[in-house]
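# Close look at the chain arrangement
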Amino acid sequence: MSNVALLFYTGKDCCLCDDAQAILDHVAPEVGYTKLDVRSSTELYHLYGARIPVLKRQDTEQELGWPFGEQQLREFLS
């Protein structure tokens, strides 16, 4: 799991994003991720604005959208 790098699509004042980050930090604190505010670009906003929070694996391009729990995240990262 530690070799996985993630993009974490999020937004300002997003309580669901805060919940997703708490699960991620609890389940896989060793996993590196880059937070990207979907409002930082028109393209990101159109792709993810209605779906945040979304985690995207950089190695496989797979995405995990909200809602997800600890078990779903573990499976996504394995």
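Residues numbered from 1 in each chain as written. Predicted model: local features only at pLDDT ≥ 70, side-chain atom pairs only at ≥ 80, totals over all residues. Heavy atoms only, no water.

### Quick word on helix H3 (residues 70-77)
- Within H3, the full set of buried residues consists of Leu 73, Phe 76 and Leu 77. All buried residues of H3 fall inside an arc of 90° around its axis, so they share one side.
- Packed against the buried residues of H3 are strand S1 (5-10), helix H1 (15-27), strand S3 (54-57) and strand S4 (63-65). (Buried < 20%, exposed > 50% of the residue type's maximum accessible area, 1.4 Å probe, protein only. Helix = DSSP H or I, 4+ residues; strand = E, 2+ residues; numbered from the N terminus. Arc of directions from axis to C-beta. Contact = heavy atoms within 4.5 Å.)

### Some thoughts on the state of the cysteines
- This model, assessed by the stated rule, comprises one disulfide.
- Here Cys 14 engages in a disulfide with Cys 17; their sulfurs sit 2.4 Å apart. Classification of the bridge connecting Cys 14 and Cys 17 rests on its S-S torsion, roughly 75°, and on that basis the disulfide is right-handed.
- Look at Cys 14 and you get buried, because its relative accessible area is 12%.
- Classification of Cys 17 by relative accessible area gives buried; the value is 1%. (Disulfide = S-S within 2.5 Å.)

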